[in-house]
Amino acid sequence: MNEPRAHVVVIGAGITGLTAAHRLLNPLDGSTSNVRVTVIESSSHIGGKIRTSPFAGLGGVDEGPDSYLARVPAAGRLAREVGLTTSLTNPTDAHASVMHGGLHRIPDGLMMGVPTGAMSLARSGLLTWRGKIRAALEPVLPSSGDHRDSVGNFVRQRFGREVHELLVDPLVGGIYAADTTNFSLATVPQLADLTHGRSVLLTARRRRAAATSSGPVFETPRSGLGALTAALTDSVRRRGGDILTETPVTAIRREGHTYRIETPTSSLDADQIIVTSPAAMSASFLRPLSSELADMLATSEHASVVMVTVRATGSDLARFDGMSGYLVPKPDQRRVTAASFGSNKWAHWNPGDGSMIMRVSLGRDGAPTHDLVHEWDDDRLVRQVVDEMRDHTGVDITPVEHRVTRWEHSFPQYRPGHLARVASMEAILMSRAPGVRLAGASVRGIGVASCITQAESVSATVSATIADTGHLRD
Ligand SMILES: Cc1cc2nc3c(=O)[nH]c(=O)nc-3n(C[C@H](O)[C@H](O)[C@H](O)COP(=O)(O)OP(=O)(O)OC[C@H]3O[C@@H](n4cnc5c(N)ncnc54)[C@H](O)[C@@H]3O)c2cc1C
C-alpha cells in the first residue's frame, strides 16, 4: 500500500512561495517529488510584489520589480526551466547618473557604489577634490574599525562622506529603499564580501576583475516579470499543487507532529510549512506557536514607496538619449529618489511614437515623517514628478498617460544585527515548531534572485527532511 504523501503548505504566493512550491514538486536533483503542496495566498493577486500590467499600448510593463540579477544562477535557471528562454532579455547599454547639482554619469568600475580604482572617480565631476582624495587614501588606511554592521558607517570609515552620500547610499539605498546608515552591512552580500581584506578598494578591484566575463547584470522576460510568476503558477498547478487565493492565514497551531492552519473560512493540516509572507503579517498567525517569535516579527520595519509610471512626451526628451535614468542622493532629495527612463533602459518598452515610458520612485526609509507620499492623490504625485524632473534635468516632460502604484510597507529594512535576529527566530522555531520555516524578502535577501535562492534552499531542506523521517522533522 502507498504511504500517504506528506502535505507541505506554503504561505504566500510571491516569487518565494511560488518557487518553493515549484521546487517541492520538481526537485532540482531530478528526484521524484515526495509531497503534496498547497500554496495559500491572502490576496486575489498571485505574484506578490511582482505585478505586471498593460501600459502605453504595451502588453506588460512592471509596476514593481522589472528584472532580476542575472549573475545569481538560480534565477536565470528557473526562468529557462519554466519555458521563458526565448523571451528573456537584458537592459540596453544606456548609463545611469546621479543628480547632484546636475546629472553626473555614474563613474565606471564601481561595485554597489564602492570604487575599485581612483581614476574613474578622479574624472567624475560628482565628488569634490577633497572627496576624491579622501577616497583615494582608502588602500593605505588600517583595517576597518567597528562599523556596527552599518553600511553607512563602514563606507564612511573607508572612503569618507562623499562616496557614502553620493554613490553608495543612492545605489544601495535605491535597491532597498533604505537609509544605509541604519541598514545591515552583513545583508548586502556584495559589500559584506569586501570586508574581508584590509583594503576594500583593492578587494573590490579583484572581485570585479574576476567577474568581468560573466555577462549582463540584469535579465527579465520581455512581457514583464509577471511572465515568470505566471509560468510558475502553471507549473505548480500542472504538477498537482493547489494555489488558494483570497485565503488569509489567521493562525497556525501545533498538534503533536503536525500543524493546523486556520483561515477565516476553513482549516487544513500540514506536515511542514514554509512561511514566505512579510514579517509583520506572519507575526499574527505565528503568535499561537511563540509570542516571542511573533514580537520579533511584528517589530520588523518596512519602508513604503510609490512608483509613478508615466508615458511622457516633450520636445527635449532626446536629451535623455543614452541614459537609463538617475538617482537622487539624500542631500538633494525632495520626494523623488530615482527616475528610470524605461524606454531607454529596455528596448522593448518603446511605445514607438516618440513618447517615453518613465518609472519614477518616491519615498524611502528615514524620510521625514510628514512625507507620507503614499497618501497623496495621483494628480499631486504626477505634478510632483514633473516639477522635480524639471528641476533635476531642465527638461519639461508632459505625461500623456500615468499609472500610480502604492507599495506600502513593501521594503523590509534590515537593521544592523538583522542576521543574528533571523538566527534567533529560527532557533525559536526549531524548538517550538520545527516543521515551520521562514523564507523570502523579510528573511535573507530582498531581490527576486535572492528570494528564488532562499526558496530553493528551504524546499530542498523540507524535501530532505520528509525523505529522512517520513513526514516529520521532530
Ligand atoms: C517597487 C518595487 C521594486 C522592486 N524592484 C526590484 C527589482 O527590480 N529587482 C529585484 O530583484 N527586486 C526588486 N524588488 C524586491 C522584490 O520584488 C521583492 O522583495 C520580492 O518580490 C518579494 O518576494 P516574496 O515572495 O518574498 O514576498 P511577496 O512578494 O511580498 O509575497 C508574499 C505574499 O504573501 C502574501 N500574504 C501576506 N499575508 C498573508 C497571509 N496572512 N496569508 C497568506 N498569504 C499572505 C502576500 O499577499 C504576498 O502575495 C522590488 C520591490 C518593489 C516593491
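Residues numbered from 1 in each chain as written. Predicted model: local features only at pLDDT ≥ 70, side-chain atom pairs only at ≥ 80, totals over all residues.

Per the secondary structure count, the protein chain includes 15 helices and 22 strands. Scaling as 2.2 N^0.38, a compact globule of 474 residues should have a C-alpha radius of gyration of about 23 Å, and the protein chain matches this with 23 Å. By its C-alpha atoms, the protein chain is 75 × 55 × 45 Å across when sized along the principal axes. Sequence separation of at least 24 residues holds for 72% of the intrachain contacts in the protein chain that already meet a minimum separation of 6. (Helix = DSSP H or I, 4+ residues; strand = E, 2+ residues; numbered from the N terminus. Rg over C-alpha atoms; globule rule 2.2 N^0.38 Å. Contact = placed C-beta atoms within 7 Å.)

With that settled, the discussion passes to the environment of His-409. Mapped onto the secondary structure, His-409 falls in strand β21 (residues 398–413). When the 17 C-beta atoms within 10 Å are taken as the criterion, His-409 is described as partly exposed. Considered as a pair, His-409 and Pro-278 are 131 residues apart in the sequence and their alpha carbons are 9.2 Å apart. Other than its neighbours up to four places away in sequence, His-409 contacts Ala-280, His-302 and Ser-304. (Buried ≥ 20, exposed ≤ 12 C-beta atoms within 10 Å, placed from the backbone.)

Most of helix α1 (residues 15–25) sits out of view: 11 of its 11 residues are buried. Every buried residue belonging to α1 is among Ile-15, Thr-16, Gly-17, Leu-18, Thr-19, Ala-20, Ala-21, His-22, Arg-23, Leu-24 and Leu-25, and all of these are buried. Turning to α1, the residues buried within the fold contact β1 (6–11), β2 (35–40), α2 (73–81), α9 (226–238), β16 (272–275) and α15 (448–469).

For the protein chain, the assigned domains read domain 1 (6–54 + 60–68 + 79–84 + 221–289 + 433–469), domain 2 (95–214) and domain 3 (302–413). Relative placement of domain 2 and domain 3: their C-alpha centres are 25 Å apart. In this assembly, 20 residues from domain 2 lie in contact with 22 residues from domain 3. Put simply, the parts of the chain that give the side of domain 2 that touches domain 3 at least two residues each are β7 (95–99) and α6 (161–176). Among the elements that make up the side of domain 2 that touches domain 3, the one with the highest residue count is α6 (8 residues). When the residues that make up the side of domain 2 that touches domain 3 are grouped by side-chain class, the tally is 11 nonpolar, 6 polar and 3 charged. (Domains from an automatic or database assignment. Nonpolar A, V, L, I, M, F, W, Y, C, P; charged D, E, K, R; others polar.)

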